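Descriptive structure summary
The residues making up each chain are set out below.
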Amino acid sequence: MEKDPIVIIGSGLAGYTFAREFRKLNSTIGLHVITADDGSYYSKPMLSNGFSSGKSAADLVIQSALAMSVQLSARIDTHAVVGSLDLAARCVEVDGRHHAYSRLVLALGAQPIRLPLEGNATQAILPVNNLADYDLLRQRLAGKRRVVVLGAGLIGCEFANDLCLADFEVHLVDTGNMPLTRLLPAEVARVLRARLEAEGVFFHTGISCVSVDHHDGAYRLRFSDGTLLDADVVLSAVGLRPDTALAHAAGLKVMRGIVVDQWLQTSDLHAYALGDCAEVCGLVLPYVMPIMHAAKALASTLAGKRTPVHYPAMPIVLKTPSFPLVVTPPRTEDGEWSFEANEAGIKGLYQDSSNLLRGFALAGDAVSARRALAQNLPAWLPANEVSHAA
Ligand code: FAD
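The rules behind the values
Residues numbered from 1 in each chain as written. Predicted model: local features only at pLDDT ≥ 70, side-chain atom pairs only at ≥ 80, totals over all residues. Heavy atoms only, no water. Near = heavy atom within 4 Å. Polar contact = N/O pair within 3.5 Å; in protein donor to acceptor, adjacent residues only side chain to side chain. Axes fitted to C-alpha atoms, helices over the stretch in contact; angles between N-to-C directions. Helix = DSSP H or I, 4+ residues; strand = E, 2+ residues; numbered from the N terminus. Parallel < 35°, antiparallel > 145°, perpendicular 65-115°, else oblique. Contact = heavy atoms within 4.5 Å. Nonpolar A, V, L, I, M, F, W, Y, C, P; charged D, E, K, R; others polar. Left-handed = near helix turned anticlockwise from the far one by under 90°. Salt bridge = Lys/Arg side-chain N within 4 Å of Asp/Glu carboxyl O. Buried < 20%, exposed > 50% of the residue type's maximum accessible area, 1.4 Å probe, protein only. Arc of directions from axis to C-beta. Core = buried A, V, L, I, M, F, W, Y, C linked by side-chain atoms within 4.5 Å. Disulfide = S-S within 2.5 Å. Lys, Arg positive; Asp, Glu negative; His and termini not counted. Pairing = 2+ DSSP bridges.

Quick look at the site of the ligand now. Around the ligand, the surrounding shell holds 31 residues, and the nearest of these are Asp 37, Val 82, Asp 276, Val 288 and Lys 319. Within the side chain of Asp 37, a nitrogen or oxygen atom sits 2.7 Å from an oxygen atom of the ligand. Take Asp 276: an N or O atom from its side chain is 2.7 Å from an oxygen atom of the ligand.

Axis separation between helix 1 (residues 13-25) and helix 3 (residues 65-72) bottoms out at 10 Å; the angle between their running directions is 25°. Taken together, helix 1 and helix 3 sit at an angle that is classed as roughly parallel. Every residue of helix 3 that contacts helix 1 at Tyr 16, Ala 19, Arg 20 and Arg 23 is listed here: Ala 65, Met 68, Gln 71 and Leu 72. Of the residues assigned to the contact of helix 1 with helix 3, the class counts are five nonpolar, one polar and two charged.

Direction vectors running N to C along helix 5 (residues 154-165) and helix 6 (residues 186-199) enclose 25°, while the axes themselves pass 10 Å from each other. Put simply, helix 5 runs roughly parallel to helix 6. Taken as a pair, helix 5 and helix 6 cross one another with a handedness that is left-handed. Two secondary-structure elements touch here, helix 5 through Cys 157, Asn 161, Cys 164 and Leu 165 and helix 6 through Leu 192, Leu 196 and Glu 199. Class assignment of the residues belonging to the contact of helix 5 with helix 6 gives a composition of five nonpolar, one polar and one charged.

A few words on the environment of Pro 330. Along the chain, Pro 330 falls in the loop between strand 24 (325-328) and strand 25 (335-342). Measuring from C-alpha to C-alpha, the distance between Pro 330 and Gln 351 comes to 8.7 Å, with 21 residues separating the pair along the chain. Once residues lying within four places of it in the same chain are set aside, the contact partners of Pro 330 are Trp 337, Tyr 350, Arg 358 and Gly 359.

In this section: the pattern of salt bridges. Taken as a whole and assessed by the stated rule, the structure comprises 10 salt bridges. The salt bridge involving Arg 193 is made with Glu 197; its shortest N-O contact spans 3.1 Å. Here Arg 193 pairs with Glu 197, and both are found in helix 6, just four residues apart, close to one helical turn. Relative accessible area serves as the criterion here: at 17%, Arg 193 is assigned to the buried category. Residues Arg 220 and Asp 230 are paired through a salt bridge, measuring 2.8 Å at the closest nitrogen-oxygen approach. Of this pair, Arg 220 sits in strand 16 (residues 218-223) while Asp 230 is found in strand 17 (residues 228-231), placing the two residues 10 residues apart along the sequence.

Turning next to helix 3. Those residues of helix 3 not exposed but buried are Ala 65, Met 68 and Leu 72. Looking down the long axis of helix 3, one finds its buried residues gathered within 60° of arc, a one-sided arrangement. Among the exposed residues of helix 3, those oriented more than 90 degrees off its buried face are Leu 66 and Val 70. Buried residues along helix 3 sit in contact with helix 1, strand 2 (31-34), strand 3 (41-42), strand 4 (61-63) and strand 5 (74-77). Positive phi appears at Ser 73, one or two residues downstream of helix 3, with a value of about 45°.

The subject of this paragraph is the nonpolar core. Core analysis: the biggest nonpolar cluster contains 68 residues, and Ile 9, Phe 18, Leu 106 and Tyr 311 have the highest contact counts within it. With seven residues, the top contributor of residues to this core is helix 8 (residues 288-302). The contacts of Tyr 311, once residues within four sequence positions are left out, are Val 280, Leu 283, Leu 285, Pro 290, His 293, Ala 294, Ala 379, Trp 380 and Leu 381. One finds Leu 131, Val 201, Phe 203 and Phe 323 within the second-largest nonpolar core, a separate group that totals 44 residues.

Following the criterion strictly, the structure yields zero disulfides and no others. The closest cysteine sulfur to the non-disulfide-bonded Cys 209 is located on Cys 157, 17 Å from its own sulfur. Between Cys 277, a free cysteine, and Cys 281, which holds the nearest cysteine sulfur, the sulfur-to-sulfur gap is 15 Å.

Attention shifts here to the side chain of Asp 133. Along the polypeptide, Asp 133 turns up in helix 4 (residues 131-141). Of the side chains with opposite charge, Arg 114 comes closest to the buried, unpaired Asp 133, at an N-O distance of 7.4 Å. When residues no more than four places from it in sequence are discounted, the contact partners of Asp 133 are Pro 127 and Val 128.

Here we come to the sheet that holds strand 16. With antiparallel pairing, three strands are arranged side by side in an open sheet as 15-16-17. In this open sheet, the two strands that pair with only one neighbour each are strand 15 (209-215) and strand 17. Neighbour-to-neighbour, the strand axes of the sheet open up by a mean angle of 25°, direction not taken into account. In terms of strand pairing, strand 16 meets strand 17 through four bridges, oriented antiparallel. Paired with Arg 220 across the two strands is Asp 230, which belongs to strand 17.

Right, here's the structure in full:
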């Protein structure tokens, strides 16, 4: 048996799902999870619909670190920040102490992008990317009413809908003219906007936030068109960037994310990466389903059976109850959208020049067609595709 454990950095969905899948296959090799947070197991997607369901951060915890440690037969070090990796010596460093590994699994997640804004209150802008952020957001919103959400992407729209349903006054700001411009065709985005507006969300589009200042016990935002808006809380949902700093400093190959091949192997023989921090064969897919596929494949590989990850086409479900939406963005530009719409919903299909289905956007009642349509889409990463990180 290997003397040193598999060290997993990160206790998010990627780290814990890998550990769980690995334990199904192997009960003897040591697992050592090192995490900067408190190691609670929770469902991150719940963060953007927790207000309307009245959930506190504690309510969202599914299992404590202690319970996870028992369940996984793993050592879990919480509030432990890995400061550096020594790939040659095969150890990681936490507060000057070194922990040896046989194999290293990087499940570091992503970091919120911070906008370079002016003003004396930019530190008050809250990103929400983990339980602690969510807890802070709830504290700041207690007894308050006006929220500005910067960024009308997936997470921004979900928070806007959720906070609106929880009776906050919500202002959604974006540089584009429509929500979700990167994911949705304009025809569907327009209806999403109309539904969110009908729910009470105020859209401020085609402008960017320039500054945030303290003002009268709250905050004053100034926009690129000169307009001003006062708010009690400013939430940032302008995007996440794979957390690559540690890997980069250690000399691992990094592009948009930590570069890994179809076996989730980095440019170092003993180090692997998955989840929001990883770029798998050129794909950065910061969603739950790709993590589940990657965790299973990696568990199998590290338990002794080399298994490449395979990604089918994976629809993205928007948690916008005011207008349920499922989208699988086309991975080609060689095609066009066609739509069928009625009062109950919209069905948008993207077909390429050979009339093959390459993507879809479904809204309202039409979301029920999702499974059948997804089966007809080509895989995003077929099982037989082979690539190398080095
Ligand atoms: P994380 O959960 O971010 O975990 C990273 C871990 O690494 C943390 O434990 C952190 O403490 C640790 N860490 C980082 N650096 C260090 C260090 N130096 N030392 C020690 N530990 C470290 N996806 C969907 O598919 N559907 C949805 O509906 C959906 N909704 C979402 C809603 C919100 C609000 C957000 C933010 C994301 C949502 N996502 C959704 C995306 C999905 O939740 C993420 O892709 C997934 O949770 C990422 O898991 P992860 O383990 O890769 O990263």
